Amino acid sequence: MDTLLAKSLSKSMSYKAYRELVGQLADEQSTTGDEKTEINIQQTKLNYSRMKRWDKKIKLSGKTAKRIQSFREKVTWLVIAESWCPDSAHVIPVLNAIADLSDTIDLRLVLRDENPELMDAFLTYGKRAIPKLIMIDDLSGEVLNTFGPRPSEASYYVNRFISENGELTPEFKADLQHWYNNNKGQNIIEDITQMLCDSTPSFCQ
């Protein structure tokens, strides 16, 4: 695992570089990943607009911001994503806003289809679901926790719908985008704060 993580980190990029890549691909009518479909190309364009919007709109309360700033463990958040993934466009800007508040959290990104071995080591219910955050202790190289592909409330709605209907419909996917817009990243912030507590209990004492 240590070798796999080190190899993946060596190919990783910053959030700024990732967003620039998504913007470049949107301009070029292209997309990341193995499937260069028209749907994925259009989704990449839409996701670039979403990321730019979230970068301007994400708000953390003063209390939450101070808590994040008090986190002192040096960790890397390695996130697996693709430009065409709607959940990635909603989640990753929030992760970046949180990481920006901390001197000890380093956010790095890799593409799923370029890192199949890493993805297969962090499946969700046996699926290559993204985005997937892997929280790594910089000192020991140990994986402390994971997050994703969706915040807890969205995951509940998705799992319940699949249980009742077998698969997600276009109508449900549209409703999910509305949920993200209405929630304004707050459930992600709550989940990540809890993840930091679970991984380093001293943070919440």
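Read on for an overview of the structure. This one's a predicted model, so the numbers in the text were calculated from it and none came from an experiment. (Residues numbered from 1 in each chain as written. Predicted model: local features only at pLDDT ≥ 70, side-chain atom pairs only at ≥ 80, totals over all residues. Heavy atoms only, no water.)

1. A closer look at the pattern of salt bridges
Okay, so step 1: Counted under the stated rule, the structure contains five salt bridges.
Okay, so step 2: Of the charged contacts in the structure, one is a salt bridge between E20 and K16, with a shortest N-O distance of 2.6 Å. Placement of both E20 and K16 in helix α2 (residues 15–27) is noted, with a separation of four residues, approximately one turn of the helix.
Okay, so step 3: For E20, a relative accessible area of 46% puts it in the partly exposed group.
Okay, so step 4: Linking D120 and R128 is a salt bridge whose minimum nitrogen-to-oxygen distance equals 2.7 Å. (Salt bridge = Lys/Arg side-chain N within 4 Å of Asp/Glu carboxyl O. Helix = DSSP H or I, 4+ residues; strand = E, 2+ residues; numbered from the N terminus. Buried < 20%, exposed > 50% of the residue type's maximum accessible area, 1.4 Å probe, protein only.)

2. Points about the pairing of strand β2 (residues 105–111)
Okay, so step 1: With respect to burial, β2 is a largely interior element, five of its seven residues being buried.
Okay, so step 2: Of the pairings in the sheet, the one linking strand β1 (residues 75–81) to β2 comprises seven bridges and is parallel in character. Note on β2: the bridge partner recorded for V75 is I105. (Pairing = 2+ DSSP bridges.)

3. Concerning the packing of helix α5 (residues 86–100) against helix α8 (residues 170–183)
Okay, so step 1: Interhelical geometry of α5 versus α8 gives an angle of 10° and a closest axis separation of 11 Å. Here α5 is positioned roughly parallel relative to α8, judged by the angle of their axes. Contacts from P86, D87, H90 and V91 in α5 reach L176, Q177, Y180 and N181 in α8.
Okay, so step 2: Taken together, the residues of the contact of α5 with α8 sort by class into four nonpolar, three polar and one charged. (Axes fitted to C-alpha atoms, helices over the stretch in contact; angles between N-to-C directions. Parallel < 35°, antiparallel > 145°, perpendicular 65-115°, else oblique. Contact = heavy atoms within 4.5 Å. Nonpolar A, V, L, I, M, F, W, Y, C, P; charged D, E, K, R; others polar.)

4. Observations regarding the sheet that holds strand β3 (residues 132–137)
Okay, so step 1: Reading across the sheet, the four strands line up as β2-β1-β3-β4 and stay open at both edges, with mixed pairing between neighbours. Two strands lie at the open edges of the sheet, namely β2 and β4 (143–147), each paired on one side alone. Taking each pair of neighbouring strands and ignoring which way they run, the sheet shows an average axis angle of 20°.
Okay, so step 2: Where β1 lies against β3, six bridges are found, and the strand directions are antiparallel. Its bridge partner lying in β3, T76 is registered against I136.
Okay, so step 3: Of the strands in this sheet, β1, β2, β3 and β4 are in contact with α5, which crosses β1 at around 165°.
Okay, so step 4: Taken strand by strand, helix α9 (residues 186–199) contacts β1, β3 and β4, and its axis lies near 160° from that of β4.

5. Side note on the packing of aromatic side chains
Okay, so step 1: This structure, assessed with the given rule, holds three aromatic pairs.
Okay, so step 2: Lying across the ring of W54, R53 places its NZ or CZ 5.5 Å from the centre.
Okay, so step 3: The ring of W54 carries K57 above its face, with NZ or CZ at 5.9 Å from the centroid. (Phe/Tyr/Trp six-rings, centres within 6.5 Å; stacked < 30°, edge-to-face > 60°. Lys NZ or Arg CZ within 6 Å of the ring centre and 35° of its normal.)

6. Thoughts on empty space enclosed by the protein
Okay, so step 1: One pass over the structure, following the stated rule, counts one cavity of 30 Å³ or more.
Okay, so step 2: Approximately 50 Å³ is the volume attributed to the largest cavity.
Okay, so step 3: As for the largest cavity, its lining consists of W54, H90, V94, P151, W179, Y180, N183, G185 and I188.
Okay, so step 4: Those elements that place two or more of their residues in the lining of the largest cavity are α5 and α8.
Okay, so step 5: Looking at the lining of the largest cavity element by element, the count peaks at three residues for α8.
Okay, so step 6: Counted by class, the lining of the largest cavity contains six nonpolar, three polar and no charged residues. (1 Å grid on protein atoms, 1.4 Å probe; cavity = no way out; pocket = protein on both sides within 12 Å on 5 of 7 lines; lining within 4 Å. Points joined across faces, edges and corners; volume = space filled by probe spheres on them.)

7. Comments concerning the nonpolar core
Okay, so step 1: Of all hydrophobic cores here, the largest spans 41 residues; its most connected members are Y18, W77, L95, L109, L133, M135 and I192.
Okay, so step 2: Per element, the largest residue contribution to this core is seven residues, and it comes from α5.
Okay, so step 3: In contact with M135, other than residues within four places in its own chain, are F71, V75, T76, W77, E142, V143, L144, N145, M195, L196 and S199.
Okay, so step 4: By size, the runner-up hydrophobic cluster in this structure holds 13 residues, among which are L4, L78, V110 and I136. (Core = buried A, V, L, I, M, F, W, Y, C linked by side-chain atoms within 4.5 Å.)

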